[in-house]
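Examining the three-dimensional arrangement
Each chain, written out:
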Amino acid sequence: MKIRKYLVWAMTILFISCATNPFTGKQTLALVPNSQILPMAFQQYNQFLGENKVVKGTTDAEMITRVGQKIAKASERWLNANGYAGYLKDYKWEYNLVDDKTVNAWCMPGGKIVFYTGILPIAKDETGIAAIMGHEVAHALANHGQQRMSAGQIQQVAGVATSVAIQNKSQETQQIIGTAFGLGSQLGVMLPFSRSHETEADRIGLQLMAIAGYNPDEAANLWRRMKANSGGKAPPEFMSTHPSSDTRIANLTAWAPGAKAEAKKFGVTTFK
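Here we summarise the structure given alongside this text. Residue numbers run consecutively from 1 along every chain, following the written order of its sequence. Totals for whole chains, interfaces and linings use every residue, but because this is a predicted model, local features are given only for residues with pLDDT of at least 70 and side-chain atom pairs only at 80 or more, for both listing and counting. Hydrogens and water are ignored here; the side-chain numbers use all heavy atoms of the structure.

For this analysis, a ring pair means two rings from Phe, Tyr or Trp (six-membered ring only for Trp) whose centres lie within 6.5 Å, classed as stacked if their planes differ by under 30 degrees, edge-to-face if by over 60, and tilted for the remaining angles. One pass over the full model with this rule turns up 7 aromatic pairs. Geometrically, the ring pair formed by Tyr45 and Trp106 is edge-to-face, given 6.0 Å between the ring centres and 90° between the ring planes. One end of the pair, Tyr45, is in helix H2 (residues 34–51); the other, Trp106, is in strand S5 (residues 105–108), and 61 residues separate them in sequence. Using a 1.4 Å probe on the protein chains alone, a residue whose accessible area is under 20% of its type maximum counts as buried, one over 50% counts as exposed, and one in between counts as partly exposed. Among the residues examined, Tyr45 registers a relative accessible area of 0% and is labelled buried. Plain terms: the ring middles of Tyr91 and Trp93 are 5.3 Å apart, the flat faces sit at 40° to each other, and that makes the pair tilted. Trp93 sits in the partly exposed class, given a relative accessible area of 24%. Through pairs of rings, three or more aromatic residues link up here, namely Tyr45, Phe48, Trp106 and Tyr116. Counting as a charge over the ring demands two things of the Lys NZ or Arg CZ atom: a distance within 6 Å of the ring centre and an angle within 35 degrees of the ring normal. Sitting over the face of the ring of Phe42, Lys112 holds its NZ or CZ atom 4.9 Å from the ring centroid. Every helix listed is a DSSP run of H or I at least four residues long, and every strand listed is a run of E at least two residues long, numbered separately from the N terminus.

Encoded structure:
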């Protein structure tokens, strides 16, 4: 009876807690509403800035802001043209460069963006920054953070239901089933879920950078530099949160003509 109760609860919540991804039209998990997520994200972002060395007034810092504003404007143009006017009303765009050797950048829900100085040599130029910026902004626009939080909650519920179902089994059997559930949910559900988000952000980001006037062909070159920087060291794709560099390069190369065609709808035919 207990496991049935958990399953009924989970299915009910799933049924009523969905949102629509404007870029794909697909229904997505939304167990945690943005009204809760955004205030938390803004608070965490401000805390992060207070604990790290933010670079201000330099050419690089100004470039991050300039590119971010162009990508944000491209996002707004696309959303307005596709029936999603007002989608960004709760966003509070902010772009910051942080002095850190880590090769990374990220965008929190609501448009809070950080680039680390360590990624600048790999980005190489403004177009490389635009490729990274488009990808990171795409995560926020597609509500990937919300989906990951929702998926995590479902994984917890499934774990509880599994524990209830096997509570009368021997300890050895419980350990075997528990381990199988952990590996299965991680390798079979959570990691593919994460990789699909990365792939989705790559495709959306490519369109955004093109609409903003940046050459989408350069996104594949960025990932060639990323691969070279990593020395080719990466776990097998099925064990990773991200697609392999080779997969991303192939995808971005194949999608670039479509991104240019999308940009043409907005009058953009030449690229930086």
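To continue, consider the pattern of salt bridges. Salt bridge criterion: a side-chain nitrogen from Lys or Arg within 4 Å of a carboxyl oxygen from Asp or Glu. Using the criterion set out here, one finds 11 salt bridges in the structure. As a salt-bridge pair, Asp99 and Lys53 come within 3.7 Å of each other at their nearest N and O atoms. Residue Asp99 is found in the loop between strand S4 (94–98) and S5, and its partner Lys53 is found in the loop between H2 and strand S3 (54–55); the two are separated by 46 residues along the sequence. For Asp99, a relative accessible area of 42% puts it in the partly exposed group. Overall, the relative accessible area of 57% leaves Lys53 in the exposed class. Linking Lys112 and Glu94 is a salt bridge whose minimum nitrogen-to-oxygen distance equals 3.0 Å. Of this pair, Lys112 sits in strand S6 (residues 112–116) while Glu94 sits in strand S4; the two residues are 18 residues apart in sequence, bridging distant segments of the chain.

Think of it this way: DSSP has to see at least two bridges between two strands before they count as a pair. With respect to topology, 4 strands assemble into an open sheet ordered S3-S4-S6-S5, the strand pairing being mixed. The open sheet has two edge strands with one neighbour each: S3 and S5. With 2 bridges joining them, S3 and S4 adopt antiparallel strand pairing. Looking at the pairing, Val55 lines up with Leu97 of S4. We call two residues contacting when some pair of their heavy atoms lies within 4.5 Å. Axis lines are fitted to C-alpha atoms, over the contacting stretch for helices. Their N-to-C directions set the angle, which ranges from 0 to 180 degrees. Here helix H3 (residues 59–81) sits on the sheet and contacts S3, S4 and S6; the angle it forms with S4, its principal contact strand, is near 150°.

What follows concerns the pairing of S4. Where burial is concerned, most of S4 is hidden: 4 out of the 5 residues are buried. The pairing of S4 with S6 spans 5 bridges and is classified as parallel. Among the inter-strand pairings, Glu94 is bridged to a residue of S6, identified as Lys112.

Structurally, the position occupied by Gly118 is in the loop between S6 and helix H4 (120–123). Judged by its relative accessible area of 17%, Gly118 falls in the buried class. The spacing of Gly118 and Asp100 is 18 residues in sequence and 5.9 Å in space, taken between C-alpha atoms.

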